[in-house]
Amino acid sequence: MARRLIRAALWRGTAFAIALALPGSAAFARAPHAADAPLALSPPFALSVEQLFAWEAAGPLADAGNVSRVPLAGRMVDPGPGPDPAARLDPKVRVLFAPDGMNNFGNYLVPQPRFNLYTFTHWAQIDVLSWFAGTAGHNVLIPARPWVDTAHRNGVKVIGTAFFAPLAWGGSAKTLEAFLREEGEGRFPAADRLVEIARHYGFDGWLINQETDVSPELARRMTRFMAYLTRIAPPGMEIHWYDAMLPDGRVQWQNAYTAGNAPLLQDGATRVSDAMFLNYAWTPAGLRAGAELAEARGRDRYALFVGADLWPARHNAQQAFGNKSWLRGLREHGDGPALGSVALFAPNFNFNAGGEFGDFRANPRDAEAFYDGEVRLFAGDDRNMAAGNSTEAMRTGAWEGIAALVPARSTIAKLPFETGFNTGHGLTDFRDGRGVGGPGHDMARQDPLPSWQFAYSPAARLRIGYDFQRAWQGGSSLRVAPQAVLGNPAEVPLFLTDLPIDARTGLSVAAIAASPGYALRLTMADGSESLHPLTAKGVWQERHWCLGRFAGKAVRQISLVIDRGQSKPLNLGKITIRDGCSPPT
């Protein structure tokens, strides 16, 4: 996805709070921030073509510490409309999340002694994390194990990148020719090696981002390579193609699925790739025609990932919160089924874009802006997934949020379930409510986080976010704070689950409640409920309950409920449901 110089040619034609205490291509991957020196572009995370062919699992270009052994968890999809009863969701849509320059944000294997590194929390609303990066000399980009571990626990696939830069940015047809070495009977050693690397490290496939103009002969070889790679990839591994090179070798972004780029997805009876990432200058008419063409060629429209370039400086793209209508543009009639899946490019605007989004990468004091940007992207301008965003957006032109299109997914379907609301970093490392360490960051330690971030009764005035001053375990807790005395009871849906209950199942909660009026509610699949009041004390309190009277049932949703008249905040530090019931306290 070449940006900046090339992009100009392409495009012709109150709900969130955080508590914080403080004492393109050859240039595709931005130069590392000074503090990120340990996260440099180098093996095992980045390989040249020459290094790709030299790579061996036990060799010096590999790293056993980057091997993920966390299997991809199965997921369930919210069967209802979610927190918003008026939502018009399309459960067939898949969401690909592609931060621009993941090599600069996540290339580490051990905990880092720094708070303000990149993290992500909305796993329930995405399906694929694209480890999007590359330069003219670093062609193969490999995901880092802490991110793969956490993505897999959330049922999200992770794909690496093979990148070939535009000629204007240092790309060379010779580089691609070396990569596409072909041996007898149509075998491509580079494809074999890509599959080997993905299997060795435990991630889930590749995005092939070929933006170098080449000859028709080399383009034909590229198409054969793609078909071979897709054919040899094991079940569950995904091979994605980016809408850039045409079958004749010209780089000419189509911004749709057309007769021109169609053979890179499906060529007659040959499956050339599993999915196509469409460039950003699309129109609804082009998407409709592309969906029809894909289906006529025997492919699902949802194999087409419609690109959304969110970087704020690119005003003529899907600019974050500057262009608020694009999500409706990829739906039939503005609120019907989608015309494809969604590819969110440069969603890291909240980390390093500056301006209204802050610059958390450079300044830990911008943590509130960092988290608010992500919540707004998924929950809409009102930061509330329960607020009728689709209907309101049609009426007012507000940004409705990705969650107005896609239902929540969840992996929480077996015991034990435990969360401390740890987002993967913090200013202090807490154990049982006591600080035991300083600032740190480790995505591998991220806890299961709410399926809806955030949702609450629309009439309530609440501020919800992660608190880095107080935590029970890890670096953060969940803080819910009424902004005025509540005139009516309120609900905050937290987790979509399918947790089996038997005679010995128990629930434990650690919380700080400044006043009575908060309770945790477990809603069973049959509609019955179990309500658990939280102790009103200004320090951490643990409470335990036995759930045996619900034996044989399954917990479908975990929510926080708040009484009418409440005005004081609450911090949730732990929720555990496991076998082994402690006496009620």
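Our next topic: the state of the cysteines. A covalent bond between the sulfur atoms of two cysteines is what we call a disulfide. Inspection of every chain in the model, using the stated rule, returns one disulfide. One disulfide in the model links C546 with C581; its S-S distance is 1.6 Å. Taking the sign of the S-S torsion, -110° for the link of C546 and C581, the bridge is left-handed. Residue C546 is found in strand β27 (residues 537-546), and its partner C581 is found in the segment after β29 (570-579); the two are separated by 35 residues along the sequence.

Glancing now at the environment of D300. Checked against the element boundaries, D300 lands in the loop between α8 (284-296) and β12 (304-309). Sequence-wise, D300 and G340 are 40 residues apart; in three dimensions their C-alpha atoms are separated by 8.5 Å. Among the polar contacts made by the side chain of D300, one reaches the main-chain amide nitrogen of Y302 at a distance of 2.8 Å.

Overall, antiparallel pairing links the three strands, which are arranged β18-β17-β21 in an open sheet. A strand with exactly one partner marks an edge of an open sheet, and here the two such strands are β18 (434-437) and β21 (473-474). Bridge count between strand β17 (residues 429-431) and β18: three bridges; the pairing is antiparallel. Among the inter-strand pairings, D429 is bridged to a residue of β18, identified as G437.

A word on the sheet that holds strand β26 (residues 529-533). Spatially, the four strands line up as an open sheet ordered β23-β28-β25-β26, and their pairing is antiparallel. With partners counted over all chains shown, the strands left at the sheet margins are β23 (490-500) and β26, one partner each. With strand direction ignored, the average angle separating the axes of adjacent strands in the sheet is 20°. Inspection of the sheet shows strand β25 (residues 518-524) paired to β26 by five bridges, in the antiparallel sense. Looking across to β26, one finds that A519 is bridged to P533.

Take unusual backbone geometry next. Here P43 and P44 are connected by a cis peptide whose omega angle stands at 10°. Tracing the backbone through its elements, the reader meets P44 in the loop between α1 (5-10) and β1 (46-47). Cis geometry marks the peptide bond from Q453 to F454, where omega comes out at -5°. Tracing the sequence through the fold places F454 in the loop between β19 (440-441) and β20 (462-467). For D432, which is not glycine, the phi torsion reads 50° and is therefore positive.

Three or four residues apart is the spacing at which side chains of an α-helix point the same way, because the helix has 3.6 residues per turn. With 13 residues, helix α11 (residues 367-379) extends 18 Å between its outermost C-alpha atoms, agreeing within 8% with the 18 Å of an ideal straight helix rising 1.5 Å per residue. Counting buried positions along α11 yields eleven of 13 residues, so the element is predominantly enclosed. Listed in full, the buried residues belonging to α11 are A367, F370, Y371, D372, G373, E374, V375, R376, L377, F378 and A379. Directly after α11, the chain includes G380, whose backbone phi takes a positive value near 100°.

At a minimum axis separation of 9 Å, helix α6 (residues 189-201) and helix α7 (residues 216-232) run at an interaxial angle of 35°. At the point where α6 passes α7, the crossing takes the right-handed sense. Every residue of α7 that contacts α6 at A190, A191, D192, L194 and V195 is listed here: F225, Y228, L229 and I232. Of the residues in the contact of α6 with α7, the class split is eight nonpolar, no polar and one charged.

Formed by 171 residues in total, the largest nonpolar core has its most connected members in F225, W326 and L344. Residues within four places of W326 in sequence aside, it is in contact with W282, A308, L310, Q318, V342, L344, W399 and I402.

Glancing now at the side chain of S48. In this structure, S48 sits in the loop between β1 and α2 (49-54). Judged by its relative accessible area of 17%, S48 is buried.

Now for the pairing of strand β6 (residues 157-164). With eight of its eight residues buried, β6 lies for the most part within the structure. Of the pairings in the sheet, the one linking strand β4 (residues 128-130) to β6 comprises three bridges and is parallel in character. Paired with S130 across the two strands is I159, which belongs to β6. Bridge analysis of β6 against strand β7 (residues 205-210) gives five bridges, and the strand direction is parallel. Note on β7: the bridge partner recorded for G160 is W206.

Quick notes on the rules
- Residues numbered from 1 in each chain as written.
- Predicted model: local features only at pLDDT ≥ 70, side-chain atom pairs only at ≥ 80, totals over all residues.
- Heavy atoms only, no water.
- Disulfide = S-S within 2.5 Å.
- Helix = DSSP H or I, 4+ residues; strand = E, 2+ residues; numbered from the N terminus.
- Polar contact = N/O pair within 3.5 Å; in protein donor to acceptor, adjacent residues only side chain to side chain.
- Pairing = 2+ DSSP bridges.
- Axes fitted to C-alpha atoms, helices over the stretch in contact; angles between N-to-C directions.
- Expected span 1.5 Å × (residues − 1).
- Buried < 20%, exposed > 50% of the residue type's maximum accessible area, 1.4 Å probe, protein only.
- Left-handed = near helix turned anticlockwise from the far one by under 90°.
- Contact = heavy atoms within 4.5 Å.
- Nonpolar A, V, L, I, M, F, W, Y, C, P; charged D, E, K, R; others polar.
- Core = buried A, V, L, I, M, F, W, Y, C linked by side-chain atoms within 4.5 Å.

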